[in-house]
Structures are given as C-alpha cells and as structure tokens.
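The chain contents come next:
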Amino acid sequence: MSEIKVNSIKGVAASAAAITVHNSDGTCTANLTNRTNRRLTINGAMTIAQRGVSSTSTGYQTVDRFTASYGGTDEAPTQAQVDVASGTTPYNLGLTKALRVTNGNQTSGAGAADYIEIGHRIEAQDIRNSGWNYLSSSSFITLSFYVKSSVAQVFYGYIRTRDGTAYSYPFSTGSLSADTWTKITKTISGNSNLTFNNDNGDGLNIFIDPFYGTDYTNNSRSLDSWAAHADGSHFPDMTSTWYTTNDATFELTGVQLEVGSVATDFEHRSFAQEIQLCKRYYEVLNPKLYILARYSHHDGAPYGQYHFAVEKRVAPTCSFDTTGGTFESSSGYSGNPSFTDTTVDATTIYGANSVTAGGILYLHTSSGGLLKFNAEL
C-alpha cells in the first residue's frame, strides 16, 4: 500500500501550515478560514458614499469610513467615489467602485510638512475580540487591497494602534506601474507591546499614503516591523514624483483586514449590509416631511424624536444642512432646528421658534436639506 508521510501541508506563499500532522497518533489540525464575517474593514469595496461622491475638503467627505486627508498643499486635492473600469482585475472580482484622490497643482513643490493620506479606523473592541492573538508574534492578521497610481513609483502605508503606547507597522507597496491595478498583501504578526482596550474607541488605523513630506518620514525606520509610533518617522522618505505631478491620481479598493496569515478572497457584503454597518458611524436623513408638534396646552417650541436607523457608536453630533432645505410651516415660519437629549439610539429635534398650543411644524427638505448624525472615530 502506498503512503505519503508529511509533517504538514503549507501553501507556496504561506507563512504557516494549513494542515499539521501530529506524529504521536497520526491526527491532524487544520487552519480553516471562516468564510463569513472575517473582514474587519467596513466599506472596503467603496460602495457606500452617504456624504457625496466628490469633494475638495479634507477628512470624511465621500466614501464612508475612509478619510482622504491633506495638509500643506498649494491646491486642494479632490477625493471622489469612482467607477472601476470593466475588464480590470478588481472589476472582474466584483470590486466596481474605488476611492480616487486627484492631486492638485502643487506649484511650490514637495514641502517637508506636506501630506496626502487615505485612512481607515477600526474600533478597539473589534480588534481585541477578532480572534487575533495580538500579543503573540506567531499570530497574524493580513491586510490586502488593490491600488492604482497614474505615476509609477513606490508608495508606503502603515498600521497604527491607539491604546496604551501607540505602535506602528510601516509597509511598502513596492514599485507600482503607472495606470495598472496591483494587489498588495501584507501579513502582520502580533507584538507583546500592543494594547487594544475592550471599548468603542479608536483602536487600529490603516493609512495608505500617496505622499508624506520629510517632516513625517525617516530613512532609519525599518519596514515590516512593529516599533513605538513617532510622528516624525512613519516610514522611509518618499519619492515626490506623484505629488509634484499635476492632477496625478491614486485609486484604492478591495481593502480587507482579516485574522490569519493568508489573504483570502475579498468578502463581499450586500449593499444593505454594508450601509447598516456604515450608519453606526454616520447617518444622513433627507426628510421630505417630518412633523414636529407642540405637545402641550401652552405655546412653545414644537418637537419630535428621531430614532436612528442603527445604534450609533457614541451619541452623535447632530447638524442640519440648510443648503437646499428649510424649516417651515404654512404660516411662513422658518429657522434652523436644534437637537437635545441625544443618545446612541435617538435625538429630540426642537423647532427654533414658538408655535401656538397644539400647533405643528414640518421639517421640509424637498430641495436637498439634510439632517446629519456623526459618530465617527
């Protein structure tokens, strides 16, 4: 009888065995991947954009859960949710949307304090309870994403912890070819110095950077290793070609962080699932008709309670965007509402002025006014 005797079976590019055979009794253990709920990133396919599809402002402005931030620029970059071209590798894998940053015209060159970065923030409790033994150097998480630049060069990124003493793990994309989608995979070990609190605070950040000036970089910083975080040495000095090229573009999609030493296929979620996850952090309401009533025998401000679509991470900051809407009644009342008694579940909306006892007002935003509820990290 033929036999194959092995100690383990491991993939060609894997850092750990998929199947380990125990010599004492012939039994084995297998590293099986949970095929659902393994993606720790939210909106990694860039499908949700509640705030809008294009902006020249910094921070959270377009694609949910991803910031495109900048500083020191001569002209503001543009961040936008864009379509991935059909026939490309991301598109053929169901990744049809991307976040694109278009550089402006940086006439004064690459300043030491200039930067453009894309960031994603994950709650501490989601990392702590993910199944990753983050204190062990033999336990891994894997980051994978697709990236495309209009300029051929090497780019960098880093992962950063926020609790306890902050630690960071810088990495390189390697040399990217111009206008070509490339999949980047980084397998990251745990470290005994890492801390993740069991709470809803900012825990782990992923930054992928089109450009950092030399105020933020240091050639002595080693790649692919944990070290105490320092704002002046995120990673080695960057080539400035992309940054100094007018209207250069940088696109990102398929961002997935998962527990384990292997990058599995991107875990797709339905639009309905993804937007509910996003609404934990940010929600937009465009009420065509929202009634506020004076529940009293006395004149006074009318009010009504709005229950959020999902429980927020924290009690959100509430605001009213009057760009296209108004707060009014048939008698001509107008004015911005106010918010009070806000919790993670609901907020109370008050009218700006008094109405007669038992009277009502309506919040009318047919022209595009929005109620915004922000609980972002």
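One can find the structure itself at the top, above this paragraph.
Fair warning: this is a prediction, and the values are worked out from it, not measured in the lab.

Draft legend 1. Spatial organisation of the side chain of Ser-69. Here Ser-69 shows up in strand S5 (residues 66–71). Among the residues examined, Ser-69 registers a relative accessible area of 13% and is labelled buried. If sequence neighbours within four positions are ignored, Ser-69 has contacts with Thr-58, Gly-59, Tyr-115, Ile-116 and Glu-117.

Draft legend 2. Here's a closer look at empty space enclosed by the protein. Counting across every chain of the model gives one cavity of 30 Å³ or more. Considering only enclosed or pocket space, the largest cavity measures out at about 30 Å³ in volume. Around the largest cavity, the lining residues are Ser-57, Ala-68, Ser-69, Tyr-70, Pro-77, Thr-78, Gln-79, Val-101 and Ile-116. Contributions of two or more residues to the lining of the largest cavity are made by S5 and strand S6 (78–83).

Draft legend 3. Just helix H3 (residues 271–279), in detail. Every buried residue of H3 is listed here: Glu-274, Ile-275, Cys-278 and Lys-279. End-on, the buried residues of H3 take up no more than an arc of 135°, which puts them together on one face. Residues of H3 that are buried sit in contact with strand S16 (282–285).

Draft legend 4. Unusual backbone geometry, seen in detail. The phi angle at Met-46 is positive, at roughly 60°, despite the residue not being glycine. By the element assignment, Met-46 lies in the loop between strand S3 (28–30) and strand S4 (54–55). Given the relative accessible area of 0%, Met-46 is considered buried. Even without being glycine, Asp-247 reaches a positive phi, approximately 60°. Among the secondary structure elements, Asp-247 is positioned in the loop between strand S14 (227–228) and strand S15 (249–259).

Draft legend 5. Main features of the environment of Val-63. The topology assignment puts Val-63 in the loop between S4 and S5. Sequence spacing of Val-63 and Gln-81 is 18 residues, and the spatial spacing of their C-alpha atoms is 6.1 Å. Beyond its immediate chain neighbours, meaning those up to four positions away, Val-63 contacts Asn-43, Met-46, Ile-48, Ala-49, Gln-81 and Leu-99.

Draft legend 6. A look at the packing of aromatic side chains. A complete count under the given rule lists 22 aromatic pairs for this structure. Pairing Tyr-115 with Tyr-212 gives two aromatic rings, centres 6.3 Å apart and planes at 90°, and the pair type is edge-to-face. Note that Tyr-115 is positioned in strand S8 (residues 115–123) and Tyr-212 in strand S13 (residues 202–212), a separation of 97 residues in sequence. With centroids separated by 6.2 Å and ring planes inclined at 55°, the aromatic side chains of Tyr-158 and Phe-235 adopt a geometry described as tilted. Here Tyr-158, found in strand S10 (residues 153–161), pairs with Phe-235, found in the loop between S14 and S15; they are 77 residues apart in sequence, far enough to count as distant. Note on accessibility: Tyr-158 and Phe-235 belong to one class, buried. Ring pairs connect the aromatic residues Tyr-115, Tyr-156, Tyr-158, Phe-207, Tyr-212, Tyr-216 and Phe-235, which therefore count as one cluster. Lying over the aromatic face of Tyr-281, Arg-65 brings its terminal NZ or CZ to 3.8 Å of the ring centre.

About the cut-offs
- Residues numbered from 1 in each chain as written.
- Predicted model: local features only at pLDDT ≥ 70, side-chain atom pairs only at ≥ 80, totals over all residues.
- Heavy atoms only, no water.
- Helix = DSSP H or I, 4+ residues; strand = E, 2+ residues; numbered from the N terminus.
- Buried < 20%, exposed > 50% of the residue type's maximum accessible area, 1.4 Å probe, protein only.
- Contact = heavy atoms within 4.5 Å.
- 1 Å grid on protein atoms, 1.4 Å probe; cavity = no way out; pocket = protein on both sides within 12 Å on 5 of 7 lines; lining within 4 Å.
- Points joined across faces, edges and corners; volume = space filled by probe spheres on them.
- Arc of directions from axis to C-beta.
- Phe/Tyr/Trp six-rings, centres within 6.5 Å; stacked < 30°, edge-to-face > 60°.
- Lys NZ or Arg CZ within 6 Å of the ring centre and 35° of its normal.

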